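Descriptive structure summary
Below are the chains, spelled out letter by letter.
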Amino acid sequence: MTPATTPRLVTTAEDLRTALANAGRVGLVPTMGYLHEGHATLMERARAECDTVVVSVFVNPRQFGPREDLGRYPRDLGRDLHVAGAAGADLLFHPDVGTMYPPGYATNVSVGGVSEPLEGSLRPGHFDGVATVVLKLLNLVRPDRAYFGEKDWQQLAVVRRMVRDLNVPVEVVGVPTVREASGLALSSRNSYLTAGQRERAAVLSKALRAVQTAAMGGERDTARLRQVGLDVLAGEPELTLDYLAVVDGDMAERERVENDPMTRVLVAARMFGVRLIDNLPLLPDAEPDAGAGA
Ligand code: PAF
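Summary of the structure given here. Every value quoted in this text rests on a predicted model; they were computed, and no experiment measured them.

Section: the packing of helix 9 (residues 203-216) against helix 10 (residues 222-233)
Packing of helix 9 against helix 10 leaves a shortest axis separation of 8 Å and a crossing angle of 150 degrees. When the axis of helix 9 is compared with that of helix 10, the two are roughly antiparallel. Taken as a pair, helix 9 and helix 10 cross one another with a handedness that is right-handed. For the pair helix 9 and helix 10, the contacting residues are Val203, Leu204, Lys206, Ala207, Ala210, Val211, Ala214 and Ala215 in the first and Leu225, Val228, Gly229, Val232 and Leu233 in the second. For the contact of helix 9 with helix 10, a count of residues per class yields 11 nonpolar, one polar and one charged.

Have a look at this one:
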């Protein structure tokens, strides 16, 4: 399929199947819309690796808690078509809630383990909602590859675990986070912030960077690493911290960190009424410790 300037807009499962007949190698970029440069990077990667690029835009009600921002989540289909077209997407799949969850819908996908700490404990049901909609999108689009941003690191771990556990025939590709010049990770929710607030919200990535620098300098004690980040965050009075955690590839916190490229430092906080998350690899160039178990 040749990349179109404006992707074809498809809203039903039937039209999707027709549009994807003879599509070759299909890449899916699942999103909730209000597309930005981070999403564009995912689509560009899919464009480079697949014959047909599908971006889904669906604000999934099942992954929002009752007091979260489902009602005001930013939506702009015209803008999404434009960004998706410029990034080389062929199809934009935009189902409505009734298509995804018709009357009588009764199935929930629940991933244990990696979905339980951090976001999982603070946002009960969130990852069930994510796993359920992602599995539905994978079943509807049947892509060869699905692309997810590393900004939602725990989500990526949950999706990988689900795909592995349920033998879903797709390759999950994690794509590094795109940041503003200040270091702030791009997110559709940044649209809730003014330019000045976004500048101050970069304190999250500064804290992560400080923890990473300490780890790369040889610090291995998790409590001391956390304290390095907490000291940076303490300088921002507008910040209410949910967590700052150093976790291994199974999302578990250990007293000491291993030389493992999967070890990650994650942060979640509320600033100016907006909940923001971010993460970095703790030891980006790490080789696993000699003798460490598989
Ligand atoms: O990361 C997101 O935008 C959403 O959680 C996803 C993966 C599209 C599922 O709704």
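A look at the packing of helix 6 (residues 126-141) against helix 7 (residues 153-165)
In contact at an axis separation of 10 Å, helix 6 and helix 7 are set at 55 degrees when each is read in the N-to-C sense. Considering the angle they form, helix 6 stands oblique to helix 7. Taken as a pair, helix 6 and helix 7 cross one another with a handedness that is right-handed. Together, Phe127, Val130, Ala131, Val134, Leu135 and Leu138 of helix 6 and Gln154, Gln155, Val158, Val159, Met162 and Val163 of helix 7 make up the contact between the two elements. Of the residues in the contact of helix 6 with helix 7, the class split is 10 nonpolar, two polar and no charged.

Some thoughts on the nonpolar core
Formed by 44 residues in total, the largest nonpolar core has its most connected members in Leu20, Val54, Val134, Leu138, Met162, Val163 and Met251. It is helix 6 that provides the largest number of residues to this core, a total of nine residues. Not counting residues up to four positions away in its chain, the partners in contact with Met251 are Val114, Pro117, Leu118, Trp153, Gln154, Ala157 and Leu266. Grouped together as the second largest cluster of nonpolar side chains are 31 residues, Met32, Val203, Leu225 and Val265 included.

With respect to the site of the ligand
Near the ligand you find Pro30, Thr31, Met32, Asn60, Gln63, Val133, Val134 and Gln155, and these make up its full shell. One of the side-chain nitrogen or oxygen atoms of Gln155 is found 2.7 Å away from an oxygen atom of the ligand. For the shell around the ligand, the secondary-structure elements that each account for two or more residues are strand 2 (26-31) and helix 6. Residue composition of the shell around the ligand, grouped by class: four nonpolar, four polar and no charged.

Comments concerning the sheet that holds strand 6 (residues 171-175)
Two orientations exist for strands paired in a sheet by backbone hydrogen bonds: parallel and antiparallel. One open sheet holds the six strands; their spatial order is 1-4-3-2-5-6, and the pairing between them is parallel. Two strands in the sheet have a free side with no partner beyond their single neighbour: strand 1 (8-10) and strand 6. The average undirected angle you get between the axes of adjacent strands in this sheet is 25 degrees. Across six bridges, strand 2 lies against strand 3 (residues 52-57) in parallel orientation. Paired with Thr31 across the strands is Val57, a residue of strand 3. Its contacts with the sheet place helix 6 against strand 2, strand 3, strand 4 (91-93) and strand 5 (145-149), and it is angled at close to 150 degrees to strand 2.

Quick word on the pattern of salt bridges
Counting across every chain of the model gives 17 salt bridges. Note that Arg254 is salt-bridged to Asp248, the shortest N-O span being 2.9 Å. Because the salt bridges share partners, they merge into one network encompassing Glu68, Glu119, Arg123, Asp242 and Arg275.

Some remarks on the packing of aromatic side chains
Enumeration over the complete set of coordinates arrives at three aromatic pairs. Ring centres of Phe58 and Tyr101 lie 6.2 Å apart, and the angle between their planes is 50 degrees; this geometry places the pair in the tilted category. Here the residue Phe58 occupies a position in the loop between strand 3 and helix 3 (77-86), and Tyr101 occupies one in the loop between helix 4 (97-100) and helix 5 (119-122), the gap between them amounting to 43 residues. When sorted by exposure, Phe58 lands in the same class as Tyr101, which is buried. Ring geometry for Tyr101 versus Tyr105: centroids 5.0 Å apart, planes at 75 degrees, classification edge-to-face.

Cut-off values and rules
Residues numbered from 1 in each chain as written. Predicted model: local features only at pLDDT ≥ 70, side-chain atom pairs only at ≥ 80, totals over all residues. Heavy atoms only, no water. Axes fitted to C-alpha atoms, helices over the stretch in contact; angles between N-to-C directions. Helix = DSSP H or I, 4+ residues; strand = E, 2+ residues; numbered from the N terminus. Parallel < 35°, antiparallel > 145°, perpendicular 65-115°, else oblique. Left-handed = near helix turned anticlockwise from the far one by under 90°. Contact = heavy atoms within 4.5 Å. Nonpolar A, V, L, I, M, F, W, Y, C, P; charged D, E, K, R; others polar. Core = buried A, V, L, I, M, F, W, Y, C linked by side-chain atoms within 4.5 Å. Buried < 20%, exposed > 50% of the residue type's maximum accessible area, 1.4 Å probe, protein only. Near = heavy atom within 4 Å. Polar contact = N/O pair within 3.5 Å; in protein donor to acceptor, adjacent residues only side chain to side chain. Pairing = 2+ DSSP bridges. Salt bridge = Lys/Arg side-chain N within 4 Å of Asp/Glu carboxyl O. Phe/Tyr/Trp six-rings, centres within 6.5 Å; stacked < 30°, edge-to-face > 60°.

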